[in-house]
Structures are given as C-alpha cells and as structure tokens.
Amino acid sequence: TGPMSSECLGNLLRITLSTEYFEDKYLSFSVVDQSGLAWELDEAMAAQCGYTVTYSNWSSIEFRASAVSCHSHLEKDVFTITIQIKASHTPDMKNAATHLKSASCHYGPWSPRELICESNYMEVSVRREVPQTLKDFLQDEPEDWTLVFPEAKAEEASIWQIVFHQPEEKRALLVNNAWSAGYGLNATDSRVLLRVPYAAAQIQLVEVGVLLLAQQAVRLYRSDQISSLQDQGITFSVVRSSTFYKYRWMILMVDTAVACPVDGVDYMNKTITWTVPKYIPPLSAGVTSFKDVLVEAGVDLHKLSAKEMASRKYVLSNDLNAITMKVPIGAEGGYYKTSVSNGQLGAKYTINLFLEHQWEDNKWGLTKHTIIKEIETPFEQAELTITSNSNLSARLMNVVVGTFLPDVELVNLTTEGVTVPIPEAVQNGYLVHRTRYANGSQAYVIQVPLDAPSVKKEYIREDMRAYTLNVTLAFITHPSSETFVVPVIALSAVKDAVLPRARGFCDERNLHLIITHGNVDQNWLPFISDWHLTSEAAQKYNYSLKDDGTHLEISVPFLSSHVNYEGFHTSGIKASLYLTLKDGITLANRRDFSVSCSFSPSELIQCLPNGTVIITAIKLVGDADLDTSLLVLRDRQCKPSLVTEKTATFKFNVNTCGTSRKFNSTTMTYENDVLYFRPGNDTPIYQLKFLCSYAVKQTVDVQYESKKNPPPSIKSGFGSLALSLKLFKEKSYSESYQESEYPVVKYLREALYFEVELLQPKDARLDLNLNDCWATNSRSQDSLPQWHILTHGCENSKDSYRTVFHKVNYSLRVKFPQHLKRFEVRMFTFVQGTTLLQE
C-alpha cells in the first residue's frame, strides 16, 4: 500500500512503485546498507550487486533484488533489503521527496547450487563445503599464512581469487581486481557467490544443441533426425570459472560456472515459443547421471498452476531433451506497448516469463536454475484511423485520431512550419482532449475553429467554400521516449461563400465599376482581358484604382485602350468595360463584370476656334483585323498623331488634309473622312465622316477686360451615397429596433432616438450634415400634413419640445464619427382641430 509495495518471490524481492504517485517524476534509486549509508545505483552497480530496475506495463516501475545482493542483511533464512527513492519534478532533482522502503523475505532451504538469469546479470550461488578430514587438521600460525599468501584476507570465510577458464587460456583475478572489473563476489559461512553482468569481459557465447541431453537420449533418434535438429542450437551466455576461498589454513576451490540463454524464442502462427535445453554442458561438466526434479513456469515471477496456464492458453512441455513454453501473442499476463520503427507507428507484445528448473546429478546433487526472460515480439505496424466530422453549426472542424495504447502522449502540433506545444495551441484556440475507452486504449480529439488562421479557405463553386486543416501531430511514448508524427488533413465543404458583386455607371467621360468584396476573393486579381490591373499599371494609363478592403473602385476614361466600342450611331457610341477577377494562384477565371454606356459622338471631335481639328477614330469590336496605325484622312499623307490598339487620333488644320468646306448665310462647315484601305485596294473598308461648323458674323466686336480671380467655390461631384436611418431603444444608442419589431408603440412626449449613418463610401474626408428632416402622416414623404423636425440643419423653433442633438464618439461600431448624426425627438401626433388624425 502507499507509494511502494513489496513482494517476496523465492530468492528475489520485488518492490513495485505506485504509477499514480510516481508518474511524470524523475527518480533516483539508492540501496541502504546496515550502517545506514545510502549507495546510489547506476546500471553498472545494479548489475554487479544484484539489483534490477524495470519500467514496463505502461510506466509501471519495479525494483528487484537478489537475496544475496551486495547490501542484503542475512540472518538465518531471512534476508532484508532497504531502498531509498528520491522523486523530483525536475531532472536536477531539486526539492526531491525521499521515500524509504525496507522489506524482509524468508528463503529456504537453499539448494547446493542455485543459478539466476536476471535481465541484467547472471548469478551463481554454491554451497561452501569443507571435507571432514581437513577440519581435524591443526591450523598454522597466522604469520605463516600471510607469508605464503599475503593477498588473502584474515577473515574466517573469504574469497581469495577467481580463475576464468577461456578456450585459449586461464585468467586469474584477485578479489579487488575482479570487483574493479565489474564482477560481484561474496562468501558467507555457508555459500560462495559470483555475479556476472552480461557486459563482462570473460563471457563466452556458446551454442547448445537441443538434443545434447545425454548419450542415452541421443540413441532414441535416427541419425538423420539428429543432424537436422542439432542445427537448431540455442545460444547461451556462459562464464566458466573456479573460485578459490580460504578456510583456516587451507585454500579451497569451487566450480562457479554460470550459463543463461540468450535466444531460444520463436514467433510463429501468432504464438511465442520459448525453448530451453535441459542439458547445458557448461553447467554439467563431469556429470554422468541427470534426473529432472521439478519444472515450473509463470509470469512476472509468479508461478502458474496447470489450470491457470490452461485458462490463459499457455502450453508448458517438459520433453526428454528440452523445456518448451508456448504463449499466444496477446494472451493474459503480457501487454502491448507502442513501438516506432523508421518513423512508423506500431506495437510490440511484451511478456515477462520465468522458468524454474531443478535437477539432480551425480556431481552437484540438486541444482536450481531460475531464468527470467522478458520476451518482446517483433515490430508490427499499426493502422491509425483519422476521422473528421465537422460541427458546422458551431463552425468547428472536429478530428479524431486513434486509437493509441495508453503509453502514447500528444506533445505538440505543427502548422505551416510552426510548431507549438499543446498548452500553447489550446491558448491559440485549439481544443485538444483525450478520450479513453473501456479496453484501455485512447484517442485524441482536436477541434479547430473554421475561422482559425491555420485553416485554409478555398472557394469551390457557387456558394461553397472548402476548409482545409493541414496539421502534423507529434507524439511521444512512455517510458521509451520514442517519437512519431501523424499528418492530418481534414476537409469540410460549407455553404457560406459570399461572392463579390458589382454595380457600374458612367459620367460624361468615364466608365466606373464598384465591386463589393465577398469572403472568397481575398486573393483574386482584377484583369482587363489578359492585362493585370495593378496600381502602377492604372497610373500609367491614367485610370483610377482604389481598394479600401471592402470595395474595389475602377474608373476608366471613355477613350482608352481597354474600352470596347460595340456600336456607332449618330445618336451615340456604345462603349463597354469588361473586367474579370482571376484566382491569384491559378489565374483561373472566377468572376466577370462589365459596364456599358452610350457616349455622344461629339466626344470624338474637337473643333478649336483657331481652325485646328482633333478627331479620334475608334475601332469597333467587329473590326478585329483593323490596324489603327494605317488609318488616314482624305489626303492619305495625313496620318494619326497618336495611336492605340483601339483608337487613332488626328490633329490638323481645316485648310489641310483634303478637308472640304461649305458656306451658308450663318455657318461655315468643314468636312473630312477617316479611311482605312486594304493594301492594293482603293475602296475603303472603313469610313468615318466628321464635320466642324463655325458661325459667320458680319461684324465682330472684341473687348478686353481685366478681372480678378473669382473666390473659391464648392464644386459639385458625382457619386453614389448609401445611408441608413434607424430608431434606437435607448439614449446609449446600443440597440436599434429590428424590422420584425415594427410597428413600435410609443406614447406622447416619449423620447425617440434617431441615428442617420453614411454607409458608403467609407471616406474619412466626408462629413455628413443633415439639412431638412420632417415627419408625415403616411409612408409617402410628400404627403400632407408635414412637420419639420430639422430646418436647414437646426431644430425647429416652433416646436414645443425642441429636437436635441447627441454627440457621436468613436467606438468599436463607429469608425468614422463624422459619418453619423444622432438626435432625439419627443413623440407627437397630428391633429386637425381637436381630432387626432392617427393614434
């Protein structure tokens, strides 16, 4: 109970740390000796001293210790171990909380030889025996002992040296040197112990054939079966050694060989098959008889009965030559954990099996061999499901990514190359939460507002817009800290497109288009034919181009290169301006607008008083092959002084270029033609007649008078204004009456709060002034009776309750206070005599 719990498992002690308490903390492990001194563990010391720390089963933390570990307190058949754990929220272990745990386990009886194959070390413990005949001999004096073996300790039971048997040579190490090399050595009154980390220098890898049980066993198989099965050798990590220890005046030697299987695991048909040979030559040197005593197996160091194994569909086979354990992948007792291979997400099934094999032979008597085998299946790629189901009413893109095992955590997301941690993404408007399912798996739900900057918006057709979320999610696995990413692309089509719309008009010399922006044309560009209408290009042709963010205004002179002339009559010239909005990326046509007007033909000719004539000839839409530079007057030597693609301008005197003239009593008329001839043909295919008339007077009086410049005056302009008149509920002007609330009931003398606003154009240079304002008894503004509320911009002096003006200040709603006027009027009714004309 509490942060830590302990469990005795044979000659091992297990302490389990509470995942709930220690999760997301940095840990430091120490072992406390009998004097109270804490020894901090690292990997090397743990393997040398008989300790194992594992992180498994979705962050479950285990500490295991051997009964004969370096700091065990042994008393009779009880071993006691005390550990100290420091837990901190920071890697520098500042402000760490310290936890102590002491546990005792009873273990006995000991077998003459016991071997443990842990995940990080091998251990052999051998009974320490002295022949009876030697016990009766007299002991030499201590000084005689130290003269012969000065390296040996003076204690009663002490190891002197260890000799490693290699194929090429023997290597002897004194105790201090062996300890420095990473080996663990110990001797008690009754046992000698050797502990070997798997990374030790004297380890040999030996292949043990499955059929090498004994000569008697081999004879049971045909020779062809033996050769095929012997190829399936299982590799063992082996140390062959002899340990020398002192007893009184004697040095005794004991065989401390140890062997642990490295492989022997196969994965076939969704089943784990673990095979361990019974007869292991390095452990059976000189053995001539071999007899099984006990074979038991289990999971997580817990032995399982035959009934428990059957319920889990485990199969334990104790054959003549080998012990085999079969476990279905995914069976109870193991767990899946997330794995990453080459950036791909997958899973591995992990199960911590153990096997205890006891046998008797003629050399050792009883041997107990305990093998702890953490088995991990090969990587198997996992399929992720990404589901997008947007909530259009809430304008949210909703993406579910999963499922994941519980050891996966979402840590950050990347959009358009910018990576932000999840807490920061939440602050930026993302909604991220984790959904847990009954089977322990989980999924992540990411919700993003449609209007978020990271959501790309694209116009599709008609009233549809496509919303695209392109985000990369980064995950981390615990406790392995592997990382992987999941790209997510979610699409939603929403009927919320507002297309740009346009209105056009003309004045005396220009064609105007005013385009009101929608919500889909942010990157659409204006084109006239294939000519991109930029501010610089418009300035070059003396066009007017303005864009205030809500409206695009274009003004083009009647006589310009980009106006189409579609008809020519004495009553007028039909001129049209065609404008196309194109996609700024693909240049695909998105929207076409046009304005057409009829202009007076007199716009093409100027008859100056000094006899100079300026005439502009135009090319109609149907004259596509006409070259305006080849237009001439009657005198073909008279060519245009200015040429564009669609116009040719001539400037000449009425006495030149073949101009004819006619007289009558009041006028003198000059005539000429603009002509176009095909090469080699004298019949014109284009003919534009024009004339200039001048008044003829017998006498002309000329007077000169010096005048001062007139005072400046306001010049009328042309344009379109959009205004609104609203009735508000209170003096704060925060809420107006809506159309559905009319008719509004008011009582006499009750205040009415009016607001007049200039909606378009949004030009800060404009001021709105109210001149006259009057009330009528019907919807018609011309009906009678009428009563003036404002006269020439002022309140009506005849009112019993004068109109009150209210100041307009800048606010979030009011960007241009000069575009609004607010005033207050008291409620009244029209009367005729004493009769009310209307309630």
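- Looking at an unreviewed UniProt entry, the chain carries the name ZP2 protein, with the source organism given as Atrichornis clamosus.

**What about the overall build of the chain?**
- Summing up its helical and strand segments, the chain has 10 helices and 64 strands in all.
- Projected onto its principal axes, the C-alpha positions of the chain cover 170 × 90 × 55 Å.
- A total of 839 residues make up the chain; the buried ones form 42% of that total.
- The contacts in the chain between residues at least 6 apart in sequence include a share of 59% that link residues at least 24 apart.
- For the chain, the computed accessible surface area is about 47,300 Å², with 51% contributed by carbon and sulfur atoms.

**Details of the layout of surface pockets**
- Looking at the largest pocket, its volume works out to about 1,700 Å³.
- What lines the largest pocket is a set of 36 residues, and nearest its centre among them are Leu752, Phe754, Ala775, Thr776 and Met827.
- The set of elements that each furnish at least two residues to the lining of the largest pocket consists of strand E56 (722-728), strand E57 (751-760), strand E58 (773-776), strand E59 (786-791) and strand E62 (820-826).
- With 4 residues, the top contributor of residues to the lining of the largest pocket is E58.
- Partitioned by chemical class, the residues of the lining of the largest pocket number 23 nonpolar, 7 polar and 6 charged.
- Considered as a void within the structure, the second largest pocket measures approximately 1,000 Å³ in volume.
- Around the second largest pocket, the lining comprises 34 residues; the ones closest to its centre are Glu553, Phe718, Gly719, Ser720 and Pro761.
- Elements with a contribution of two residues or more to the lining of the second largest pocket: strand E40 (501-506), strand E41 (510-516), strand E44 (544-547), strand E45 (551-557), E56 and E57.
- It is E41 that contributes the most residues to the lining of the second largest pocket, 5 residues altogether.
- Residues belonging to the lining of the second largest pocket are distributed by class as follows: 13 nonpolar, 10 polar and 11 charged.
- Here the lining of the second largest pocket spans two domains, and each of domain 4 (501-599) and domain 6 (722-836) adds at least three residues to it.

**Details of the packing of aromatic side chains**
- Taken as a whole and judged by the stated rule, the model has 26 aromatic pairs.
- The interplanar angle of 90° and the centroid separation of 5.9 Å between the aromatic rings of Trp531 and Tyr543 together place this pair among those described as edge-to-face. With Trp531 in strand E43 (residues 531-532) and Tyr543 in the loop between helix H10 (535-540) and E44, this pair connects stretches of sequence that are 12 residues apart. Of the two residues examined, Trp531 and Tyr543, each falls in the buried class.
- By the ring-pair criterion, three or more aromatic residues cluster together here, those being Phe404, Tyr444, Phe475 and Phe484.
- Residue placement shows Lys582 over the ring face of Phe527; its charged tip is 4.8 Å from the ring centre.
- Over the ring of Phe677 we find Arg636, and its NZ or CZ is 3.5 Å from the ring centre.

**Overview of a negative patch on the surface**
- On the surface, Glu20, Glu23, Asp24 and Glu409 cluster together to form a negatively charged patch.
- Turning to its location among the elements, Glu23 is positioned in the loop between helix H1 (19-22) and strand E3 (26-32).
- When its relative accessible area of 45% is taken as the criterion, Glu23 is described as partly exposed.

**Some points on the pattern of salt bridges**
- Inspection of the entire model under this criterion finds 33 salt bridges.
- Here Lys303 and Glu296 are joined by a salt bridge, their closest N and O atoms 2.9 Å apart.
- For Glu741, the salt bridge is made with Lys729, and the minimal N-O distance between the two is 2.9 Å. Here Glu741, found in the loop between E56 and E57, pairs with Lys729, found in the loop between E56 and E57; they are 12 residues apart in sequence, far enough to count as distant.
- Under the relative-accessibility criterion, Glu741 is labelled partly exposed at 32%.
- The partly exposed category is assigned to Lys729, whose relative accessible area is 28%.
- One network of salt bridges, with partners in common, ties together Glu7, Arg14, Glu62, Arg64 and Glu118.

**Overview of the state of the cysteines**
- Inspection of the entire model under this criterion finds 6 disulfides.
- A disulfide bridge connects Cys8 with Cys105, and the sulfur atoms are separated by 1.9 Å. An S-S torsion of about -85° defines the bridge between Cys8 and Cys105 as left-handed. One end of the pair, Cys8, is in strand E1 (residues 4-9); the other, Cys105, is in strand E9 (residues 97-106), and 97 residues separate them in sequence.

**Some words on the domain arrangement of the chain**
- Domain assignment breaks the chain into domain 1 (4-109), domain 2 (124-137 + 153-210 + 232-376), domain 3 (383-494), domain 4 (501-599), domain 5 (602-695) and domain 6 (722-836).
- On a C-alpha basis, the centroid separation for the pair domain 1 and domain 6 is 85 Å.

**Topic: empty space enclosed by the protein**
- Per the counting criterion, the structure on display carries 2 cavities of 30 Å³ or more.
- What the largest cavity holds in volume is close to 50 Å³.
- What lines the largest cavity is simply Val276, Pro277, Lys278, Ile280, Ile323, Leu355, His357, Trp359, His369 and Ile371.
- Only strand E22 (271-277), strand E28 (344-361) and strand E29 (365-376) provide two or more residues apiece to the lining of the largest cavity.
- The element best represented in the lining of the largest cavity is E28, accounting for 3 residues.
- In terms of residue class, the lining of the largest cavity is made up of 7 nonpolar, 2 polar and 1 charged.
- For the lining of the second largest cavity, the secondary structure elements donating two or more residues are strand E10 (113-117) and strand E11 (121-127).
- The element best represented in the lining of the second largest cavity is E10, accounting for 3 residues.
- Class assignment for the residues of the lining of the second largest cavity results in 5 nonpolar, 3 polar and 2 charged.

**As for the sheet that holds strand E61 (residues 804-806)**
- If you trace the 4 strands from one edge of the open sheet to the other, you get E56-E57-E62-E61, paired in antiparallel fashion. The two strands at the open ends of the sheet, each matched to only one other strand, are E56 and E61. Neighbour-to-neighbour, the strand axes of the sheet open up by a mean angle of 25°, direction not taken into account.
- Pairing geometry for E56 and E57, over 7 bridges, is antiparallel. Across the sheet, residue Lys726 finds its bridge partner in E57, namely Glu755.

Definitions and limits used
Residues numbered from 1 in each chain as written. Predicted model: local features only at pLDDT ≥ 70, side-chain atom pairs only at ≥ 80, totals over all residues. Heavy atoms only, no water. Helix = DSSP H or I, 4+ residues; strand = E, 2+ residues; numbered from the N terminus. Buried < 20%, exposed > 50% of the residue type's maximum accessible area, 1.4 Å probe, protein only. Contact = heavy atoms within 4.5 Å. Areas by Shrake-Rupley, 256 points an atom, 1.4 Å probe, with all protein chains shown as cover. 1 Å grid on protein atoms, 1.4 Å probe; cavity = no way out; pocket = protein on both sides within 12 Å on 5 of 7 lines; lining within 4 Å. Points joined across faces, edges and corners; volume = space filled by probe spheres on them. Nonpolar A, V, L, I, M, F, W, Y, C, P; charged D, E, K, R; others polar. Domains from an automatic or database assignment. Phe/Tyr/Trp six-rings, centres within 6.5 Å; stacked < 30°, edge-to-face > 60°. Lys NZ or Arg CZ within 6 Å of the ring centre and 35° of its normal. Patch = residues over 30% accessible without salt bridge, like charges linked within 9 Å, V, L, I, M, F, W, Y side chains within 5 Å. Salt bridge = Lys/Arg side-chain N within 4 Å of Asp/Glu carboxyl O. Lys, Arg positive; Asp, Glu negative; His and termini not counted. Charge placed at Lys NZ, Arg CZ, Asp CG, Glu CD. Disulfide = S-S within 2.5 Å. Pairing = 2+ DSSP bridges. Axes fitted to C-alpha atoms, helices over the stretch in contact; angles between N-to-C directions.

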